[in-house]
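# Structural description and commentary
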Amino acid sequence: MYVGSTEGDTMAKNEVLLEVTEKHLNTGLRGVPVGTCRTSFVTPSEGVHYCGYPITELASFEPEDIIYLLFNKELPTAEQSVAIRQDLASRAAIPGDLESVLKALPKFGHPMDWLSVGIHTLGMLETTNDWKEDALNLIARMPRLMGLIFRIREGREENIPADDTSLSMVERFVRTLDLHDSDDEKMKQIISTYLVLHMDHGGGNLSTFTGKAIASSKATVYSSMAGAMNALSGPLHGRANQSCLEFVLKVGTSDPVEVEAFVRAELKANRPIFGFGHAVLRSEDPRATVQFKLGSEICPDDENFKIVTTLREVAPRVLAENPKISNPNANVDIASGALLHHAGLTDPTYYTTFFGWARVAGIGAQIVDERSIFRNGKGTPIYRPKYIAEAQTLRHIE
Ligand code: AMX
C-alpha cells in the first residue's frame, strides 16, 4: 500500500483554481478556493506562517503564547502571556469522570481512536455552546486527556498523579505521564517545540476542513474536533508521522553508503521514502530544520537521530534523480519521531496523538473564526458543495 500524506492547501503545483471544469471533479477539491483563513498560510519557500509570522520565528515560544496568537491574531505582551496561562489553568480541571470511560476502552484500540473518544467524552461532561469558551476549555483539558490515554492504555492505571493546573500545559502532561526513567526536561523541550510547530497548517488540510465542516452544522466544538481527529488518524494524513519513525527503525543504520542502498532499494520496490516530499513546499520544511537543530543540541548521538541526519544528507540527492518528484527535501515528519523516541516515548503508534493535541489549537481557532467572525459575525453557512449526478443515476428520470 502506498502511504503518503499531504497537507497542501493548494493544488499540487501550487495553482489556485479560478474556474471549475469537469476535469476538476472527483479530485478531492484540490485547488478549489472555498474560504479564507485568519490563522495561517503556507508558502513554498518558508512553509507555514501563523498570523503572518514564519514558523521559524515562533519555534522557541511556549505553546500557550502561540495559542494566544492563533486566537487573538497577535503575539501576547508579557502581561497577556501571564494572563493566557492563568486563563487556561482556570479551565483545566476535567469536570467529571473521564478516567472510567477510558478504562472501559479496548487496550488494543489505536491511540487516535482513544483521543477521539476522549474528546467526545469531555464534550459530554461539559459543553457551554459558546464556540470560544468550548475551544479554550478543550485546549486546556488536552494535556490531562493525553497523559491519561498513555497511562490507561499502557495498563499503568494505579497511582496516577493528580492534575496540577498551576503547571504549564506540557508540564501537566509530563506529570500525568510520570515516566520514571525519562529526562523530563528534555521531554518538555521536545514536546513544547513539537506542539508549536504542529498547531496549524492553513485552512484546507483534511482534519481542519473536516472540523470546520462539522461545526458548520452547529454541532459542538467537541463533536467537530473528534471528527477532525478521525480525519487526522488516516495514514495519508496525520498517521504519516507514525510511519516515518517506523521507516527510520527499518533503515537501522546511519552509515551513508548503506542508507543510500536502502533508499534506492525502497524506491525500486515502489515504496515511499518517508520524511521527504511535500504537496506545497519546494525546499526543506523549516519545521524539519528547527527539529534537526534541536536534535543536534540535545541528542546528537542518539541512534535514530543519527539515521535521520544521514537520511537528510542522502535521500534528497537520490530523490532528485526523479524529475517527477516536486520536492526531494525533508518534511516535518522526518525528525519528530526520532526526538519523541529519544524523550522516552518509544511507541510510534502514539505519535499522531501529539499531532492531534497540537492541532486542537489551530482547528479550534479556525472554528471560532468561521462560526463567530466571518460574515459579520453570522458565521459561514452549513457546508454544501455541489455534486453532479452521474448519467446512470438519472436513467429513470425522463
Ligand atoms: N518517496 C517516493 N516517491 C515520492 C516521494 C517520496 N518521498 N515524494 C514524491 N514522490 C512521488 C509521488 O508519489 C508521485 O508519484 P506518482 O506520480 O507515481 O503518483 C510523484 O513523486 C510526484 O509527487 P509530488 O508532486 O512531488 O508530491 P505529491 O504532492 O503528490 O505528494 C507527499 C506529497 C508528501 C504525499 C509525497 O512527497 C510522499 O509520499 N512523501 C513520503 C511520505 C511522507 O513523508 N509523508 C509525510 C508528508 C508530510 C505532511 O504533509 N504531513
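How each quantity is defined
- Sequence order as written defines residue numbering, which begins from 1 separately in each chain.
- For a predicted model such as this one, the threshold for reporting local features is a pLDDT of at least 70, and the threshold for listing and counting side-chain atom pairs is 80 or more; totals across whole chains, interfaces and linings nevertheless cover every residue.
- The side-chain numbers reported here are obtained from all heavy atoms of the structure, hydrogens and water having been left aside.
- Helix and strand labels come from DSSP, where a helix needs a run of H or I of at least four residues and a strand needs a run of E of at least two; each type is numbered from the N terminus.
- Note on method: radius of gyration uses C-alpha positions; expected globular size equals 2.2 Å times residues raised to 0.38.
- The rule is simple: take the accessible area with a 1.4 Å probe, protein chains only, and divide by the maximum for that residue type; under 20% is buried, over 50% is exposed, in between is partly exposed.
- Aromatic rings from Phe, Tyr and Trp, with only the six-membered ring used for Trp, were paired whenever their centres fell within 6.5 Å, and each pair was classed as stacked if the ring planes differed by under 30 degrees, edge-to-face if by over 60, and tilted otherwise.
- Each domain span listed reflects an automatic or database assignment of domains.
- Contact between two residues is taken to exist if any of their heavy atoms lie within 4.5 Å; hydrogens are not considered.
- Using a 1.4 Å probe, buried area is obtained as the accessible area two parts lose upon being combined, added over both of them.
- Any Lys or Arg side-chain nitrogen located within 4 Å of an Asp or Glu carboxyl oxygen qualifies as a salt bridge.
- All amino acids are sorted into three groups, where Ala, Val, Leu, Ile, Met, Phe, Trp, Tyr, Cys and Pro are nonpolar, Asp, Glu, Lys and Arg are charged, and the leftover types, Gly among them, are polar.
- Here a cavity denotes grid points, spaced 1 Å and computed from the protein atoms alone, that fit a 1.4 Å probe unable to get out, and a pocket denotes an open set having protein on both sides within 12 Å along at least 5 of 7 lines; residues with an atom within 4 Å of a point are the lining.
- Grid points are joined across faces, edges and corners, and a volume is the space filled by probe spheres set on the points.
- Each axis is a line fitted through C-alpha atoms, and for a helix only the stretch in contact is used; angles between axes span 0 to 180 degrees, taken between their N-to-C directions.
- An angle counts as roughly parallel when it lies under 35 degrees, as roughly antiparallel when it exceeds 145, as roughly perpendicular when it falls between 65 and 115, and as oblique in every other case.
- Here a crossing is called left-handed whenever its near helix is offset anticlockwise from the far helix by less than a right angle, and right-handed whenever the offset is clockwise.
- Take the buried Ala, Val, Leu, Ile, Met, Phe, Trp, Tyr and Cys residues and link them wherever side-chain atoms come within 4.5 Å; each set so joined is a nonpolar core.

## Some thoughts on the overall build of the protein
What the protein contains, in helices and strands, is 16 helices and 3 strands. Taking 398 residues into account, the globule formula puts the C-alpha radius of gyration at 21 Å, and the protein, at 21 Å, falls close to it. The dimensions of the protein, computed from C-alpha atoms along their principal axes, are 70 × 55 × 45 Å. Residues classed as buried in the protein amount to 53% of the 398 residues present.

## Points about the packing of aromatic side chains
Within the structure shown, the criterion is met by 11 aromatic pairs. Their ring planes at 55 degrees and their centres at 5.3 Å tell us that F173 and W357 sit as a pair that is tilted. Separated by 184 residues along the polypeptide, F173 in helix α7 (residues 169–177) and W357 in helix α16 (residues 351–372) bring together distant segments of the chain. Residue class for F173 comes out buried when judged on its relative accessible area of 0%. Look at W357 and you get buried, because its relative accessible area is 4%. Seen from their ring centres, F247 and F262 are 5.7 Å apart, and the 70 degrees between their planes marks the pair as edge-to-face. Highlighted residues: F247 in helix α11 (residues 240–251) and F262 in helix α12 (residues 256–268), separated in sequence by 15 residues. An identical accessibility class is assigned to F247 and F262; each is buried.

## Some details on the domain arrangement of the protein
What the domain assignment lists for the protein is domain 1 (62–238 + 364–372) and domain 2 (240–342). Centre-to-centre, using C-alpha coordinates, domain 1 lies 28 Å away from domain 2. Contact residues are listed per partner, giving 13 residues for domain 1 and 14 residues for domain 2. Taking both partners together, domain 1 and domain 2 bury about 1300 Å²; carbon and sulfur atoms supply 61% of that area. Of all residues in domain 1, the largest losses of buried area upon contact with domain 2 belong to I190, Y194 and L197, amounting jointly to 42% of the total for that side. At the boundary of domain 1 and domain 2, one finds 0 salt bridges. Counted by class, the side of domain 1 that touches domain 2 contains 5 nonpolar, 7 polar and 1 charged residues.

## Describing the layout of surface pockets
For the second largest pocket, the calculated volume is near 340 Å³. Around the second largest pocket, the lining comprises 16 residues; the ones closest to its centre are A59, S60, Q189, T193 and L294. Mapped by element, the contributors of at least two residues to the lining of the second largest pocket are α7, α8 (184–198) and α13 (286–298). Considering only residue class, the lining of the second largest pocket consists of 5 nonpolar, 6 polar and 5 charged. Taken domain by domain, the lining of the second largest pocket gets at least three of its residues from each of domain 1 (62–238 + 364–372) and domain 2 (240–342).

## Examining the packing of helix α2 (residues 63–72) against helix α6 (residues 131–153)
Orientation of α2 relative to α6, taken along the N-to-C sense of each, is 165 degrees, at an axis distance of 13 Å. Judged by the angle between their axes, α2 and α6 are roughly antiparallel. Crossing geometry of α2 relative to α6 is assigned as right-handed. Contact residues: α2 offers I67, F71 and N72, while α6 offers K132, A135, L136 and I139.

## Quick notes on the nonpolar core
One finds I119, I191, L311 and F354 to be the most contacted residues of the largest nonpolar core, which totals 107 residues. Take this core: its biggest share by element is 13 residues, from α6. Looking at which domains feed residues into this core, each of domain 1 (62–238 + 364–372) and domain 2 (240–342) gives three or more. Apart from residues lying up to four places away in sequence, I119 is in contact with L138, M142, L145, Y222, M225, A226 and M229.

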